[in-house]
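Here are the chains, one letter per residue:
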Amino acid sequence: MLTSKQKKYLKSEAHALKPIFQVGKDGVGMKQANSINDALKAKELIKVKLLDTCPQTVNEAALEISRLTKADVVHIIGHTIILYKASEKGIYQI
């Protein structure tokens, strides 16, 4: 669980990032969650964009991704989810 100070720092770091995953009409599935988990291992901090065709709400999708990847939801902005998961690389010192 992240503190509000940590979330604030990660939000500022994520500001310049572009979404690297898009969730579309199939919603969040195991295959997509595995790909997101691999990206989190490599980058620690990523953005995921929900398309208008996604059957889930942004909150439902964020909870599902968080549950499947064991990542923390840093922030939800519109249809974009910012996720953080610490890795062995320790890119972000929080």
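The structure we're discussing is the one just above.
Asker: Explain the sheet that holds strand β2 (residues 45-50) to me, please; I cannot follow it from the model alone.
Answerer: Strands pair in a sheet through their backbones, by hydrogen bonds, and they do so in one of two ways: parallel or antiparallel. Spatially, four strands are ordered β1-β2-β4-β3 in an open sheet, and the strand pairing comes out mixed. The two strands at the open ends of the sheet, each matched to only one other strand, are β1 (21-23) and β3 (72-77). Here the strands of the sheet are splayed against their neighbours by 25° on average, with no regard to which way each runs. As judged from the five bridges shared by β3 and strand β4 (residues 80-84), these two strands associate in the antiparallel manner.

Asker: Which parts of the structure should I look at to understand unusual backbone geometry?
Answerer: What you tend to see is this: most non-glycine residues have negative phi, and most peptide bonds are trans. One non-glycine residue, Glu44, lies in the positive phi region at around 70°. With a relative accessible area of 1%, Glu44 lands in the buried category. The residue Lys70 is not glycine, and still its phi comes out positive at about 60°. Following the sequence through the fold, Lys70 ends up in the loop between α3 (58-69) and β3.

Asker: Even after reading the chapter, I still don't get the pattern of salt bridges, so can you show me in this structure?
Answerer: For side chains of opposite charge, pairing can occur when their charged atoms come near one another. Overall, the coordinates contain one salt bridge when judged by the stated rule. The shortest N-O distance in the salt bridge between Arg67 and Glu64 comes to 2.8 Å. Residue Arg67 and its partner Glu64 are both found in helix α3; the two are separated by three residues, about one turn of the helix.

Asker: What should I look at first to understand the environment of Leu63 in this one?
Answerer: Along the chain, the position of Leu63 falls in helix α3. Considering only alpha carbons, one finds Leu63 and Ser87, 24 residues apart in sequence, at a separation of 20 Å.

Asker: How should the nonpolar core be read in this particular structure?
Answerer: Generally speaking, a soluble globular protein has its nonpolar side chains buried in company with each other. Grouped together as the largest cluster of nonpolar side chains are 17 residues, with contacts concentrated most on Ile36, Ile46, Val48, Leu50, Ile65, Ile81 and Leu83. Looking at this core, the elements that each hand over two or more residues are β1, α2 (30-43), β2, α3 and β4. When neighbours within four sequence positions are excluded, Ile65 is seen to be in contact with Val28, Ile36, Val48, Lys70, Ile81 and Leu83. Among the nonpolar cores identified, the runner-up in size contains eight residues, and Leu2, Ala14, Leu45 and Tyr92 belong to it.

Asker: Hey, could you run me through the packing of α2 against α3 in this one?
Answerer: For any two helices packed against each other, one specifies the inter-axial angle together with the distance between the axes. Here α2 crosses α3 at 70°, and the two axes come no closer than 9 Å. With respect to each other, α2 and α3 are oriented roughly perpendicular. With respect to the hand of their crossing, α2 and α3 are arranged in right-handed fashion. Facing Met30, Ala33, Ile36, Asn37 and Leu40 of α2, the residues of α3 in contact are Ile65, Leu68 and Thr69. Across the contact of α2 with α3, the residue classes tally to six nonpolar, two polar and no charged.

Asker: Just to check I follow, could you spell out the environment of Leu45 for this structure?
Answerer: Among the structural elements, Leu45 can be located in strand β2. Apart from the residues lying within four places of it in its own chain, the contact partners of Leu45 are Leu10, Glu13, Ala14, Leu17, Val74, Ile82, Leu83, Tyr84 and Tyr92.

Conventions and cut-offs
- Residues numbered from 1 in each chain as written.
- Predicted model: local features only at pLDDT ≥ 70, side-chain atom pairs only at ≥ 80, totals over all residues.
- Heavy atoms only, no water.
- Pairing = 2+ DSSP bridges.
- Helix = DSSP H or I, 4+ residues; strand = E, 2+ residues; numbered from the N terminus.
- Axes fitted to C-alpha atoms, helices over the stretch in contact; angles between N-to-C directions.
- Buried < 20%, exposed > 50% of the residue type's maximum accessible area, 1.4 Å probe, protein only.
- Salt bridge = Lys/Arg side-chain N within 4 Å of Asp/Glu carboxyl O.
- Core = buried A, V, L, I, M, F, W, Y, C linked by side-chain atoms within 4.5 Å.
- Contact = heavy atoms within 4.5 Å.
- Parallel < 35°, antiparallel > 145°, perpendicular 65-115°, else oblique.
- Left-handed = near helix turned anticlockwise from the far one by under 90°.
- Nonpolar A, V, L, I, M, F, W, Y, C, P; charged D, E, K, R; others polar.

The values reported here are purely geometric and, on their own, carry no functional implication.
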